[in-house]
Amino acid sequence: MRTVIFRTVAPYLTSLMVLFSIFVLLRGHNEPGGGFIGGLIAASAFAIYGIACGVAPVRRAIHFHPMAIAAFGLFLSGMAGVLSIFVSRSYMSGLWTSVHFFGNWIDLSTVLIFDIGVYLVVVGAITSIALALEERDRD
Amino acid sequence: MAITSEPLKDLSVAMVTEPVTMAQWLLIAPVVWCLLVGAVLLMLRKHTWLQPLIAIPALAVLCLLDGLLLAHVMVSGPLTMTMGSWLPPFGISFTTDSLGALFALTSALVALAAGVFGRTDVDDTGRRYGFYPFVLLMMAGVSGAFLTGDIFNLYVWFEVLLIASFGLLVLGSERAQLDGGAKYAFLNLIATTLFLVATGYLYGLFGTLNMADIIVKAPELRSSAPLMTLVTLYLLAFGMKAAAFPVNFWLPASYHTPRLVVSALFAGLLTKVGIYALLRTLVMLFPFERTGLADIIAIVAAATMLSGVIGALAQNDIRRSLGFLIISGIGVMLAGLALGSAAGLSGTVFYAVHSMVVMAALYFAVGLAARINGGFTLSAGGGIYQAHAGLAFVTLALFFSVAGLPPFSGLWPKVILVKASLDVGAWWLAAAILVTGILTTVTVGRIWALAYWRPAPVDDLTRSASEHDAEPPQPVRLPRGAIAALAGLLLLTTAFGVWPEPLIRLSQDAAIGLLDPSAYVLSVFPGEVPR
Amino acid sequence: MEALFALLVGALFTVSIYLFLSKHIIRILMGAAILGNAVNLLIFTAGRVTREVPPIIPPEFDVPQSVVANPLPQALILTAIVISFSFFAFLLVLGYRAYQDLETDDSDEMRVAEPVDDVPPPLGY
């Protein structure tokens, strides 16, 4: 799969897909989208990069081990639910707040933190499986 | 940044409005704690020296949380917390009574012992593969399964613990592990899929997945819905998970392949989750259908215990023998399920607690013995008594316990179960339990005589050498952490044996809670009139 | 509609059980993939099939204004898909590793954990 065209296009395609995945993640706030589907898009971006340029550059590019990313996501999701202990509501209750940001009111919530956690879990877990399979392909 | 939660409309019809107490948080705490610590450990996977330092205190905290939960449930009855503040049955409820809390506490104690034992059993490679994170994630699954009050959520926790157990099983990726792991993984996949099928049908019939809601609705649907099919599917799925007779061949194929501490954890926890799920579904949710299936369960129980112990007799590898002994213990637990009386169920609960502790301890003991003479086979075994008399006696005590001899914890549940079988005239079930006990004694007696008591077999060269300078064998030093873990579990089984009243009372409490779940229902739906 | 789906579920189950009965790991894997889909379709059908009415409540109302599709089975299926997907990924890697290390994908020949020539235990002391 290491053709010149693919190798030239892959970095741009990957960055575009990661950007799109973050868009889908944030869009999931109120519209179709969300952490799971966003995470899948990002993971396939890394898989494409891995197919084009080899597994080692991907590992260098994401810096952390994919499983560590997944673990951080799990931690984030778990903590997002715990926050409601401070307002005496049950685990995973959604808490909302609005912040003023450049003239817009932006709704923030623990649900969003949870969703970001899901995104990271999916990115980490799927990337680590994909990279493991791609690595084996070569030897 | 103030946290506001302003409802647009009157949400009291859909959401829990009264504040949640700390006691209710105790219900979710074991699961969340395990998940969070597991995640942290997974992030720190490269720092192998740090792993046990975090994991062991974390498991101790888990024991504390489960202990507090059990104490709270015993004092003030079943406890419920519904996720996301939605009213049940719309939100996912975590509900526990003394059964769930007791099992959760015992599993946490076993996991703590395994964590301590693993410090010396799992090397750096195993730690880098993620032994401790997987243990914590598996405990999240196990605790979640014991504490949840929603049947689909139970499925999810089953999967969580199953995926973590896959990771533990192939830790190190040796050939035998891959072989055993493949069989374990595929057969467990079928079992959980059957569980999912049954749950899908259940949702189609009831329109709800909340266990308390199902208890309320089951009597109305009894005349019209094919509940018997549903319950039989559950029996098959959970029977497979619990390793009941015709569907248990994944267990002896895989349990001897992983590292010993992993085998110990699996032996202690996984099959008992299946038993717990059987108790919850068959006894608490569908007692009427269970009565219809009682004969089948009784036959399965007798077949499981006898085939298990005969399998154990036929093995040369001690670990495989122990695997079959787990199966035979499952048969004894199923006997209580078949009887369905308060006495029988309390025997099952007691036996499950006993089995969790003793089976894990037995694997620890066998692992330590293998460290002395380097093998698990009976034909080449021996010499443990010479090398380390203390370990030989500890193992003998555990063998007594698993065979059901006094003064250890195996005696009482068997007494309760035999008496409960005779009470309903099921003499053949009582006979099966007793025969299993005798055959277990034979099995473990032979293991002890061959692998522990007799002198180490020496080949001719070393024999001629040792006859000249008849030097007594040096006593072997065993790692202190491993001994502490083993001693802790031994202490538990002895304590249950010589002072069984608290545990008997607790199991009776759990059995009565299963047979009459009105307190359980009331905790989920305050004000609901139970059946 | 439900009857048709029920037949389809039955067909998928048949295929997957047939594949599960094979000796080869790769076919069993295929069976696992099909089984997952069969169960998802089963849950979907069990939740009653309602066509073309998405469960969306207009802003000014508290409850749906007509009979809508049941969103809960879809949530259950989503969970089940995620789980069966991760299961499948794990099994794929495991099967592949087993194939590499054991040099066979025939489950009859995978006897490393349970050797054929296992000696019986000694009968005397």
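This structure is a prediction, so every number in the text was calculated from the model and none was measured. (Residues numbered from 1 in each chain as written. Chains lettered and ligands numbered in written order. Predicted model: local features only at pLDDT ≥ 70, side-chain atom pairs only at ≥ 80, totals over all residues.)

### Describing the overall build of chain B
Selection criterion: Numbering of helices and strands starts at the N terminus; helices are DSSP runs of H or I of at least 4 residues and strands are runs of E of at least 2. Only C-alpha atoms enter the radius of gyration, while the globule expectation follows 2.2 Å times N to the 0.38, with N the number of residues. Exposure is read from a count of other C-beta atoms within 10 Å of each residue's own; the residue is exposed at 12 or fewer, buried at 20 or more and partly exposed in between. C-beta atoms are placed from the backbone. By definition, residue pairs are in contact when their C-beta atoms, positioned from the backbone, come within 7 Å.
Helix and strand counts for chain B come out as 22 helices and two strands. Here chain B has a C-alpha radius of gyration of 23 Å; the compact-globule value for 531 residues is 24 Å, and the two agree. If one aligns the C-alpha atoms of chain B with their principal axes, the spans along those axes are about 95 × 65 × 40 Å. When the 531 residues of chain B are sorted by exposure, 64% land in the buried category. Considering only contacts in chain B between residues 6 or more positions apart, those separated by 24 or more positions represent 81%.

### Focus: the UniProt feature "domain: NADH:quinone oxidoreductase/Mrp antiporter transmembrane" (unreviewed entry) in chain B
The test is simple: UniProt positions are given in the numbering used here, feature names are shortened, and annotations may be inferred rather than shown by experiment.
The sites that carry the UniProt feature "domain: NADH:quinone oxidoreductase/Mrp antiporter transmembrane" (unreviewed entry) are, in the present numbering, residues 150-440 of chain B. Here residues 150-440 of chain B runs as 81% helix and 0% strand, with 38 Å between its end C-alpha atoms.

### Structural notes on helix α1 (residues 22-43) of chain B
Stated precisely, the cut-off is as follows: A helix is expected to span 1.5 Å for every residue after the first. One axis fitted to the seven residues ending at a residue, another fitted to the seven starting there: the angle between these axes is the bend at that residue.
Here α1 of chain B spans 29 Å end to end across 22 residues, near enough to the 32 Å set by a 1.5 Å rise per residue. The largest bend in α1 of chain B amounts to roughly 50 degrees and is located at I28 of chain B, with the proline P30 of chain B lying one to four residues further along.

### Some points on the interface of chain C and chain A
The test is simple: Think of it as three bins: nonpolar holds Ala, Val, Leu, Ile, Met, Phe, Trp, Tyr, Cys and Pro, charged holds Asp, Glu, Lys and Arg, and polar takes everything else, Gly as well.
Between chain C and chain A, the residue contacts involve four residues of the former and five residues of the latter. Here the side of chain C that touches chain A is composed, by residue class, of three nonpolar, one polar and no charged.

### Re the pairing of strand β1 (residues 96-101) of chain A
All names here are of chain A. Heads up, the rule is: When DSSP finds at least two bridges between two strands, those strands are taken to pair.
Burial runs low along β1: only zero of the six residues are buried. Bridge count between β1 and strand β2 (residues 104-109): six bridges; the pairing is antiparallel. Following the sheet pairing, W96 is matched in β2 by S109. Where β1 hands over to β2, the hairpin turn is made up of two residues, of which F102 adopts a positive phi near 50 degrees.

### Examining the UniProt feature "transmembrane region" (unreviewed entry) in chain A
Residue and element names in this part refer to chain A. In this numbering, the UniProt entry assigns the feature "transmembrane region" (unreviewed entry) to residues 12-29, 35-56, 68-91 and 111-133. Annotated as residues 68-91, this span is 62% helix and 0% strand, and its ends, taken at the C-alpha atoms, are 25 Å apart. Counted over residues 111-133, helix gives 100% and strand 0%. Its end C-alpha atoms are 33 Å apart.

### Structural notes on the UniProt feature "domain: Na+/H+ antiporter MnhB subunit-related protein" (unreviewed entry) in chain A
The sites that UniProt annotates as "domain: Na+/H+ antiporter MnhB subunit-related protein" (unreviewed entry) are residues 5-127 of chain A. From the first C-alpha to the last, residues 5-127 of chain A spans 23 Å; its make-up is 69% helix and 10% strand.

### A short note on the interface of chain B and chain C
Each side of the interface is counted separately: chain B has 35 residues, and chain C has 35 residues. Of all the secondary structure elements, the ones that give two or more residues to the side of chain B that touches chain C are α6 (151-169), α7 (175-206), α10 (250-254) and α18 (427-453) of chain B. Looking at the side of chain B that touches chain C, the element that brings in the most residues is α7 of chain B, giving 17 residues. Across the side of chain B that touches chain C, the residue classes tally to 19 nonpolar, eleven polar and five charged.

### Some remarks on the packing of helix α16 (residues 389-403) of chain B against helix α20 (residues 480-498) of chain B
All names here are of chain B. The condition that has to hold: Comment: axis = line fitted to C-alpha atoms, over the contacting stretch for helices; angle = value between 0 and 180 degrees taken between N-to-C directions. By definition in this entry, angles of less than 35 degrees are roughly parallel, angles greater than 145 are roughly antiparallel, angles of 65 to 115 are roughly perpendicular, and the rest are oblique. Crossing handedness is read from the near helix: turned anticlockwise from the far helix by less than a right angle, it gives a left-handed crossing, and turned clockwise, a right-handed one.
Relative orientation of the contacting elements α16 and α20 amounts to 40 degrees, with a least axis distance of 11 Å. Between α16 and α20, the angle is such that the two are oblique. The chirality of how α16 crosses α20 is left-handed. Within the contact between the two elements, α16 uses V394, A397, L398 and S401 and α20 uses L486, L490, T493 and G497. In terms of residue class, the contact of α16 with α20 is made up of five nonpolar, three polar and no charged.

### Side note on the packing of helix α13 (residues 318-339) of chain B against α18 of chain B
The relative placement of two packed helices comes down to the angle between their axes together with the axis-to-axis distance. All names here are of chain B. Where α13 meets α18, the closest approach of the two axes is 11 Å, and the angle between their N-to-C directions is 160 degrees. Taken as axis vectors, α13 and α18 run roughly antiparallel relative to one another. Crossing geometry of α13 relative to α18 is assigned as left-handed. Contacts between α13 and α18 involve I318, S321, L325, S328, G331, V332 and A335 on the former and, on the latter, L429, I433, T436, T440, T443, I447 and A451. Classifying every residue of the contact of α13 with α18 by side-chain character gives eight nonpolar, six polar and no charged.

### Considering the nonpolar core
All names here are of chain B. Put simply, the rule reads: As used throughout, a nonpolar core is a set of buried Ala, Val, Leu, Ile, Met, Phe, Trp, Tyr and Cys residues joined through C-beta atoms within 7 Å of each other.
One finds V135, L136, A360, A361, F364 and A365 to be the most contacted residues of the largest nonpolar core, which totals 283 residues. Of all the elements, helix α14 (residues 342-373) adds the most residues to this core, at 21 residues. The residues touching L136, leaving out its near neighbours within four places in the chain, are C34, V37, G38, L41, A55 and A58.

### Some details on the confidence of the model for chain B
Residue and element names in this part refer to chain B. For clarity, the threshold we go by: The quantity called pLDDT is the predictor's confidence in a given residue, expressed from 0 to 100.
When pLDDT is averaged along chain B, the result is 87; 93% of the residues meet or exceed 70. Per-element averaging of pLDDT across chain B places helix α19 (residues 460-468) at the bottom with 51 and helix α5 (residues 131-147) at the top with 94. Taken as a whole, residues 1-8 scores under 50 in pLDDT and shows ten contacts with residues more than four places along the chain or in a different chain.

### Let's talk about the environment of A71 of chain B
Residues and elements named next belong to chain B. For A71, the location among the structural elements is in helix α2 (residues 50-76). According to the C-beta neighbour criterion, A71 is partly exposed, with 13 such atoms within 10 Å. Distance in space between the C-alpha atoms of A71 and M211 is 23 Å, their sequence separation being 140 residues.

### Some points on unusual backbone geometry
Trans peptide bonds make up the majority, and among non-glycine residues the majority have a negative phi. The step from P88 of chain B to P89 of chain B runs through a cis peptide bond, and the omega angle for that step is 5 degrees. One can find P89 of chain B in the loop between β1 (79-82) and β2 (93-96). Here the residue pair P406 of chain B and P407 of chain B is connected by a cis peptide bond, since its omega of 0 degrees sits within 30 degrees of zero. Among the structural elements, P407 of chain B can be located in the loop between α16 and α17 (411-423). We note that S88 of chain A has phi near 55 degrees; this positive angle belongs to a residue other than glycine. By the secondary structure assignment, S88 of chain A is in the loop between α4 (66-82) and β1. Exposure remark for S88 of chain A: the 14 C-beta atoms within 10 Å place this residue in the partly exposed category. The backbone phi angle of M92 of chain A is positive, close to 70 degrees, even though this residue is not glycine.

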